[in-house]
Amino acid sequence: MSVLLDDMDGILFWTQIADLRVVSGCACGCPTVDFRSGPEEGLELVADAKVAGTDGDAVLLFARDGVLDRLEYMWVGGPPPTTWPSPDMLVEPRRPADVTLEVSD
Ligand SMILES: [Zn+2]
(Lines give C-alpha, C1' and ligand atoms only; values in the text may rest on other atoms or scores of the structure.)
Protein backbone atom coordinates (compact mmCIF):
# COMPACT_ATOMS: atom_id res chain seq x y z
CA MET A 1 0.00 0.00 0.00
CA SER A 2 2.84 2.40 0.69
CA VAL A 3 3.84 2.14 -2.92
CA LEU A 4 0.30 2.80 -4.03
CA LEU A 5 0.11 5.89 -1.89
CA ASP A 6 3.59 7.09 -2.85
CA ASP A 7 2.75 6.82 -6.50
CA MET A 8 -0.51 8.56 -5.84
CA ASP A 9 1.20 11.29 -3.90
CA GLY A 10 -1.47 10.40 -1.41
CA ILE A 11 0.48 11.53 1.57
CA LEU A 12 -2.59 12.74 3.39
CA PHE A 13 -3.10 9.12 4.36
CA TRP A 14 0.54 8.33 4.87
CA THR A 15 0.59 9.00 8.57
CA GLN A 16 -2.14 6.46 9.15
CA ILE A 17 -0.24 3.54 7.70
CA ALA A 18 1.96 2.89 10.72
CA ASP A 19 -1.10 2.42 12.87
CA LEU A 20 -3.07 0.25 10.50
CA ARG A 21 -4.13 -3.11 11.81
CA VAL A 22 -5.93 -5.76 9.84
CA VAL A 23 -9.12 -6.59 11.68
CA SER A 24 -10.58 -9.01 9.17
CA GLY A 25 -10.00 -10.58 5.81
CA CYS A 26 -12.25 -11.69 3.02
CA ALA A 27 -13.93 -15.06 3.30
CA CYS A 28 -13.52 -15.83 -0.38
CA GLY A 29 -9.78 -16.35 -0.11
CA CYS A 30 -8.64 -13.18 -1.84
CA PRO A 31 -6.15 -10.93 -0.03
CA THR A 32 -8.64 -8.12 0.64
CA VAL A 33 -8.31 -6.83 4.18
CA ASP A 34 -10.29 -4.51 6.42
CA PHE A 35 -8.60 -2.14 8.82
CA ARG A 36 -11.76 -1.29 10.67
CA SER A 37 -14.90 -3.21 11.26
CA GLY A 38 -18.15 -1.61 10.33
CA PRO A 39 -20.82 -1.37 7.71
CA GLU A 40 -20.07 -1.24 4.02
CA GLU A 41 -21.95 2.01 3.64
CA GLY A 42 -19.97 5.18 3.47
CA LEU A 43 -16.79 3.74 2.03
CA GLU A 44 -15.08 6.14 -0.34
CA LEU A 45 -12.56 5.08 -2.97
CA VAL A 46 -9.45 7.11 -2.26
CA ALA A 47 -6.91 5.42 -4.52
CA ASP A 48 -6.65 2.65 -7.04
CA ALA A 49 -4.18 1.08 -9.42
CA LYS A 50 -4.39 -1.48 -12.15
CA VAL A 51 -2.42 -4.69 -11.96
CA ALA A 52 -0.10 -5.19 -14.92
CA GLY A 53 -0.45 -8.35 -16.91
CA THR A 54 -4.04 -9.03 -15.89
CA ASP A 55 -7.38 -8.66 -17.63
CA GLY A 56 -8.35 -5.73 -15.47
CA ASP A 57 -7.42 -6.59 -11.93
CA ALA A 58 -7.07 -3.62 -9.66
CA VAL A 59 -6.12 -2.71 -6.13
CA LEU A 60 -8.59 -0.38 -4.47
CA LEU A 61 -8.06 1.60 -1.31
CA PHE A 62 -11.09 2.76 0.61
CA ALA A 63 -11.58 5.14 3.50
CA ARG A 64 -14.50 6.21 5.57
CA ASP A 65 -14.63 9.70 7.02
CA GLY A 66 -10.98 10.23 6.14
CA VAL A 67 -9.76 7.07 7.86
CA LEU A 68 -8.32 4.19 5.86
CA ASP A 69 -10.74 1.32 6.01
CA ARG A 70 -10.10 -1.35 3.42
CA LEU A 71 -7.58 -2.52 0.86
CA GLU A 72 -9.36 -4.53 -1.75
CA TYR A 73 -8.15 -6.71 -4.59
CA MET A 74 -10.64 -6.66 -7.41
CA TRP A 75 -10.04 -9.27 -10.07
CA VAL A 76 -11.60 -10.16 -13.38
CA GLY A 77 -12.43 -13.78 -14.05
CA GLY A 78 -11.03 -16.93 -12.57
CA PRO A 79 -10.66 -17.98 -8.97
CA PRO A 80 -9.76 -15.42 -6.31
CA PRO A 81 -6.11 -14.43 -6.20
CA THR A 82 -4.50 -15.47 -2.95
CA THR A 83 -1.72 -12.91 -2.70
CA TRP A 84 -1.18 -9.24 -3.40
CA PRO A 85 0.55 -8.35 -6.64
CA SER A 86 4.12 -7.16 -6.35
CA PRO A 87 4.27 -3.37 -6.00
CA ASP A 88 6.05 -3.20 -9.37
CA MET A 89 2.92 -4.64 -10.93
CA LEU A 90 0.78 -1.65 -9.98
CA VAL A 91 0.24 0.68 -12.91
CA GLU A 92 -1.72 3.83 -13.56
CA PRO A 93 -2.31 4.63 -9.94
CA ARG A 94 -4.79 7.40 -9.47
CA ARG A 95 -6.88 9.12 -6.93
CA PRO A 96 -10.39 9.68 -8.22
CA ALA A 97 -10.87 13.37 -8.87
CA ASP A 98 -14.26 13.52 -7.26
CA VAL A 99 -13.04 12.36 -3.89
CA THR A 100 -12.60 15.04 -1.29
CA LEU A 101 -9.72 14.27 1.03
CA GLU A 102 -10.25 15.57 4.49
CA VAL A 103 -7.91 14.20 7.10
CA SER A 104 -7.84 15.78 10.49
CA ASP A 105 -4.52 15.52 12.23
ZN1 LIG B 1 -12.56 -11.86 -1.40
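Read on for a plain summary of the structure. Source: prediction; values computed, not measured.

This brings us to the sheet that holds strand β2 (residues 33-34). If you walk across this open sheet you meet the six strands as β1-β2-β5-β4-β3-β6, and the pairing is antiparallel. The open sheet has two edge strands, β1 (24-25) and β6 (90-94), and neither has a second partner.

Attention now moves to the environment of R70. Turning to its location among the elements, R70 is positioned in strand β5 (residues 67-74). For the pair R70 and V22, spaced 48 residues apart in the sequence, the C-alpha separation amounts to 8.8 Å. Setting aside residues up to four positions removed in sequence, R70 forms contacts with D34, F35, L43 and F62.

Rules used throughout
- Throughout this document, residue positions are counted from 1 along each chain, in the order its sequence is written.
- At least 70 in pLDDT is required for a residue's local features to be given in this predicted model, at least 80 for side-chain atom pairs to be given and counted, and no such filter applies to totals for whole chains, interfaces and linings, which use all residues.
- Strand pairing is assigned whenever DSSP identifies at least 2 bridges connecting the two strands.
- Per the convention used, a helix needs a DSSP run of H or I reaching at least four residues, while a strand needs a run of E reaching at least two, with both numbered from the N terminus.
- C-beta atoms are placed from the backbone for every residue, and two residues are taken to be in contact when these atoms lie within 7 Å.

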